[in-house]
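# Observations on chain architecture
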Amino acid sequence: MEFLGGIHGLVRWLAVIVAVVAVVRFALVMAGKAQPSGMDRGLSSGYTGLLDLNVLLGVIIIIGLGEWEVVQIEHAVTNVVGVGVAHIFTQRAKKIEDPKIKARTNLLGVVISLAIIVVGVMFVGGWAR
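Let me sum up the structure you'll find in this document. (Residues numbered from 1 in each chain as written. Predicted model: local features only at pLDDT ≥ 70, side-chain atom pairs only at ≥ 80, totals over all residues. Heavy atoms only, no water.)

### Description of the overall build of the protein
Quick reminder of the rule: Strands here are runs of E lasting at least two residues and helices are runs of H or I lasting at least four, both read from the DSSP assignment and numbered beginning at the N terminus. The quantity called the radius of gyration is restricted to C-alpha atoms. Its globule counterpart is 2.2 Å times the number of residues to the power 0.38. Only protein chains enter the accessibility calculation, which uses a 1.4 Å probe; a residue is then buried when its area is under 20% of its type maximum, exposed when over 50%, and partly exposed in between.
Along the protein, the regular secondary structure elements total four helices and zero strands. Reading the protein from its N terminus to its C terminus gives the helix and strand order α-α-α-α. Radius of gyration (C-alpha) of the protein: 15 Å, near the 14 Å computed for a compact globule of 129 residues. Its C-alpha atoms give the protein principal-axis dimensions of roughly 50 × 20 × 20 Å. The burial tally for the protein puts 37% of its 129 residues in the buried class.

This is the structure in structure tokens:
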């Protein structure tokens, strides 16, 4: 399980990197400083995909260890909510035609979901682990 815990931590940082790139990209498109492209959808899909992978790894770890302590449950539930928020905003953005509004929707999805996930990570000791 320690190996999976390491992968879980690595995927967490990959998701953060993609989130930072996505925030910059969506802000530029929203401000009219960059043209929308396929990269935008790729960033949204990559971000939500990494979040999904990390939730799966987390569930495997919790079940594998059999640890059902309150902090693990709070961590899992909070992060699943954050992932759900990311998916909701990504799905809404797919239906929007206006590139600036689409970028704003994607930006909000990443920022709000990341804020929720930060709270969820704090339950298990924060980002320094």
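### Considerations on the side chain of Asn54
To keep things clear, this is the line we draw: Note on contacts: a residue pair qualifies if any of its non-hydrogen atoms lie within 4.5 Å across the two residues.
Mapping Asn54 onto the fold places it in helix α2 (residues 38–65). Given a relative accessible area of 13%, Asn54 falls into the buried group. Those residues within four positions of Asn54 in sequence are excluded, and the remaining contacts are Ile7, His8, Val11 and Arg12.

### A few points about the pattern of salt bridges
Rules: What makes a salt bridge here is a side-chain nitrogen of Lys or Arg within 4 Å of a carboxyl oxygen of Asp or Glu, nothing more.
Counted under the stated rule, the structure contains one salt bridge. Note that Asp40 and Arg25 form a salt bridge whose closest N and O atoms lie 2.6 Å from each other. Of the two residues, Asp40 is situated in helix α2 and Arg25 in helix α1 (residues 2–30); the sequence distance between them amounts to 15 residues. According to the relative accessible area criterion, Asp40 is buried, its value standing at 10%.

### Description of the packing of α2 against helix α4 (residues 99–122)
We count it as follows: Angles shown run from 0 to 180 degrees and are taken between the N-to-C directions of axes, each axis being a line fitted to C-alpha atoms and, for helices, limited to the stretch in contact. If an angle is under 35 degrees, it is roughly parallel; if it is over 145, roughly antiparallel; if it lies from 65 to 115, roughly perpendicular; otherwise it is oblique. Left-handed describes a crossing whose near helix is turned anticlockwise from the far helix by less than a right angle; the clockwise case is right-handed. The nonpolar class holds Ala, Val, Leu, Ile, Met, Phe, Trp, Tyr, Cys and Pro. Asp, Glu, Lys and Arg form the charged class, and all remaining residues, Gly among them, are polar.
Here α2 crosses α4 at 20 degrees, and the two axes come no closer than 11 Å. With respect to α4, the element α2 is oriented roughly parallel. Relative to α4, the crossing made by α2 is left-handed. In this structure, α2 contributes Ser44, Tyr47 and Leu51 to the contact, and α4 contributes Asn106, Val110, Ser113, Leu114 and Ile117. A breakdown of the residues in the contact of α2 with α4 according to their chemical character gives five nonpolar, three polar and no charged.

### What about the environment of Gly58?
Residue placement: Gly58 occurs in helix α2. Residue class for Gly58 comes out buried when judged on its relative accessible area of 15%. Sequence separation between Gly58 and Asn79 is 21 residues, and the spatial gap between their C-alpha atoms is 9.9 Å.

### Comments concerning α4
Convention followed: A helix is expected to span 1.5 Å multiplied by its residue count minus one. Polar contacts, as used here, are pairs of N or O atoms within 3.5 Å; protein pairs need one atom able to donate a hydrogen and one able to accept it. Residues neighboring in sequence count only if both atoms are side-chain atoms.
Taking 1.5 Å of rise per residue, 24 residues should cover 34 Å, and α4 covers 34 Å from first to last C-alpha, within 8% of that figure. In this structure, the buried residues of α4 make contact with α1, α2 and α3 (70–94). Sitting at the head of α4, Asp98 places a side-chain oxygen 2.8 Å from the backbone nitrogen of Lys100.

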